[in-house]
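Notes for the structure review
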Amino acid sequence: MPSLALTWGWESQLLETGFLGIFLCPLWTLSPLPRGTPTSRIVLWGFRWLIFRIMLGAGLIKIRGDRCWRDLTCMDFHYETQPVPNPMAYFLHRSPWWFHHFETFSNHFLELVVPFFVFLGRRMCVLHGALQILFQVVLIISGNLSFLNWLTIVPSLACFDDATLGFLFPAGPGGLKDRVLKMQEEETREPQAPLTCGRMARRTANLALGVLITWLSIPVVVNLLSPQQVMNSSFNPLRIVNTYGAFGSITKERTEVILQGTASSNASSPDAEWEDYEFKCKPGNLRRRPCLISPYHYRLDWLMWFAAFQTYEHNEWIIHLAGKLLTNDAQALSLLAFNPFAGRAPPRWVRAEHYRYKFSRPGGRHAAEGKWWIRKRLGPYFPPLSLQDLKGYFRSREWPYPEPS
Ligand SMILES: *[C@@H]1O[C@H](CO)[C@@H](O)[C@H](O)[C@H]1NC(C)=O
């Protein structure tokens, strides 16, 4: 399931980054590092190798995955169909075709060519880091991929050495820069610091890390080279060295699942008034401005995005959610932005409708009415359900039956 694969990929990227981060610290003390303990090259190369795999994996899965990445049209769809668009996406969606082509081409350049800069010496590595950070910032501005973009910036920093980062610190006599320079000069003049027990242990740990990463990288490289590349996967139980890359294919059309409730006793009566629930971020109400959430990640909103291009049978949790809404469950409702049944009896029936959503045209008729979206009903997503109806469904899945409040 794509939703699981994606969440899995994020967790793994977090795990791997954090694991390498451990080796940046002194082994058993948080006191200042003893002199002569520079950041291990092995750990730095671990980070560089990580960002290389993240970017190249993402680039390869795209050109192998979807025609629109090869004919450069993916960006015609991306802004509208990405999980949770932000206000910038609304406007970027209307960019001219040549700009969308340019964006897609730049994406390939950044994911397929730039990663190799890591291996081309100090200057190219710095250029790589700068370009990757710029790329992630552009992604943050144009959408809500949330903490993933921020997380991807972290290993990109491993290309920046003291000389590159110097401009961030105050210069002048007695300044931090000055003091560091003096320390570095002293170090090169002094004979090798004695090999203490701590330094030995640290060196051994780093060396072991290097051997481990190299060993675990073999299946990852084989996968990257394989035409049947798998996305977001690990070849070891500890998930230390993984393969990344998602969104190989782009959804061409945006569909939304809209949850509704009614207080009417008869769900099939034409008089029944259905009222929409509203999520924190995902599109629903046509007049609501797309949200800005990065780096926060609204998990439920993302799951609703995946649910919209599958069926409720693939996403049984949505029936579970419907059960909670039928009792005005406070915890479940805290995940939503608007409950039409707040402060009154819970709905008698809850249903989900399937809609196609498109951005309105800026300056057009719908935009003039304050609508960011236009939508067309495709059909039911799941039929009207009452608490009574769900008894058997909940029991067969061993879910606690929601108690009517
Ligand atoms: C519910 O409404 C439908 C449509 O108006 C009607 O056919 C049906 O008999 C009603 N059911 C009940 C239980 O009133």
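Being a predicted model, the structure only gives us computed values, none of them experimental.

Attention now moves to the domain arrangement of the protein chain. Domain boundaries assigned for the protein chain yield domain 1 (5-243) and domain 2 (254-396). One C-alpha centre belongs to domain 1, the other to domain 2, and the line joining them spans 38 Å. Counting residues at the interface gives 23 residues for domain 1 and 28 residues for domain 2. On the surface where domain 1 and domain 2 come into contact, there are zero salt bridges. Run the count over domain 1 and domain 2 and you get 14 residue pairs in polar contact (both at pLDDT 80 or more). Mapped by element, the contributors of at least two residues to the side of domain 1 that touches domain 2 are helix H1 (2-22), helix H4 (75-81), helix H5 (87-92) and helix H8 (147-156). Considering each element in turn, the side of domain 1 that touches domain 2 owes the most residues, four residues, to H5. A breakdown of the residues in the side of domain 1 that touches domain 2 according to their chemical character gives 14 nonpolar, seven polar and two charged.

Here we take up the packing of helix H2 (residues 41-65) against H8. In the contact formed by H2 and H8, the axes pass within 8 Å of each other and the chain directions differ by 135°. As the angle between them shows, H2 and H8 are arranged oblique. Judged by residue contacts, Phe47, Leu50, Ile51, Ile54 and Met55 of H2 engage Thr152, Pro155 and Ser156 from H8. Of the residues contributing to the contact of H2 with H8, the split by class is six nonpolar, two polar and no charged.

For the coordinates displayed, the defined rule picks out 17 salt bridges. With a closest N to O distance of 2.7 Å, glutamate 256 and lysine 282 form a salt bridge. One end of the pair, glutamate 256, is in strand E3 (residues 254-262); the other, lysine 282, is in the loop between strand E5 (278-279) and helix H12 (299-308), with 26 residues separating them in the sequence. As far as burial versus exposure is concerned, glutamate 256 and lysine 282 are alike and both buried.

This part is about unusual backbone geometry. Cis geometry is adopted by the peptide bond preceding proline 295, which originates at serine 294 and carries an omega value of 5°. On the secondary structure map, proline 295 appears in the loop between E5 and H12. Its identity is not glycine, yet arginine 239 carries a phi of approximately 55°, on the positive side. By secondary structure assignment, the location of arginine 239 is in the loop between strand E1 (233-234) and strand E2 (242-243). By relative accessible area, which is 22% here, arginine 239 ends up partly exposed. One non-glycine residue, asparagine 328, lies in positive phi territory at about 55°. Looking at where asparagine 328 falls in the secondary structure, it is placed in the loop between helix H13 (317-325) and helix H14 (330-333). For asparagine 328, a relative accessible area of 18% corresponds to the buried category.

Take the packing of aromatic side chains next. Within the structure shown, the criterion is met by 26 aromatic pairs. These aromatic residues form a ring-pair network of at least three members: Tyr90, Phe91, Tyr355, Tyr357, Phe359, Trp372 and Trp373. The ring of tryptophan 45 has arginine 48 lying over it, and the distance from NZ or CZ to the ring centre is 4.7 Å. Looking at arginine 375, its charged tip hangs above the ring of tyrosine 355, at a distance of 4.0 Å from the centre.

Turning next to the sheet that holds strand E7 (residues 349-359). Sheets are built from strands that pair by backbone hydrogen bonding, the pairs being arranged parallel or antiparallel. Spatially, E4-E3-E7-E8 is the arrangement adopted by the four strands of the open sheet, whose pairing is antiparallel. If you trace the sheet from one side to the other, it starts and ends with strand E4 (275-276) and strand E8 (373-385), each paired once. With nine bridges joining them, E7 and E8 adopt antiparallel strand pairing. For arginine 356, the partnering residue across the bridge sits in E8 and is lysine 376. Against the sheet, H12 contacts E3, E7 and E8, and its axis sits at roughly 110° relative to E3. In the packing of H13 onto the sheet, contacts are made with E3, E7 and E8, and the angle to E8 comes to roughly 80°.

A few words on the state of the cysteines. Under the definition given, this model contains three disulfides. With a sulfur-sulfur separation of 1.6 Å, cysteine 281 is cross-linked through a disulfide to cysteine 291. Of the two residues, cysteine 281 is situated in the loop between E5 and H12 and cysteine 291 in the loop between E5 and H12; the sequence distance between them amounts to 10 residues. Look at cysteine 291 and you get buried, because its relative accessible area is 13%.

Turning to the site of the ligand, a few remarks are in order. In the vicinity of the ligand, the contacting residues are Asn266, Ser268, Ser269 and Pro270. Between asparagine 266 and the ligand, the recorded distance is 2.4 Å, taken from a side-chain N or O atom to an oxygen atom. For the ligand, the protein covers 28% of the area, taking 360 Å² as the surface of the free molecule. Taken together, the residues of the shell around the ligand sort by class into one nonpolar, three polar and no charged.

What counts as what
Residues numbered from 1 in each chain as written. Predicted model: local features only at pLDDT ≥ 70, side-chain atom pairs only at ≥ 80, totals over all residues. Heavy atoms only, no water. Domains from an automatic or database assignment. Contact = heavy atoms within 4.5 Å. Salt bridge = Lys/Arg side-chain N within 4 Å of Asp/Glu carboxyl O. Polar contact = N/O pair within 3.5 Å; in protein donor to acceptor, adjacent residues only side chain to side chain. Helix = DSSP H or I, 4+ residues; strand = E, 2+ residues; numbered from the N terminus. Nonpolar A, V, L, I, M, F, W, Y, C, P; charged D, E, K, R; others polar. Axes fitted to C-alpha atoms, helices over the stretch in contact; angles between N-to-C directions. Parallel < 35°, antiparallel > 145°, perpendicular 65-115°, else oblique. Buried < 20%, exposed > 50% of the residue type's maximum accessible area, 1.4 Å probe, protein only. Phe/Tyr/Trp six-rings, centres within 6.5 Å; stacked < 30°, edge-to-face > 60°. Lys NZ or Arg CZ within 6 Å of the ring centre and 35° of its normal. Pairing = 2+ DSSP bridges. Disulfide = S-S within 2.5 Å. Near = heavy atom within 4 Å. Areas by Shrake-Rupley, 256 points an atom, 1.4 Å probe, with all protein chains shown as cover.

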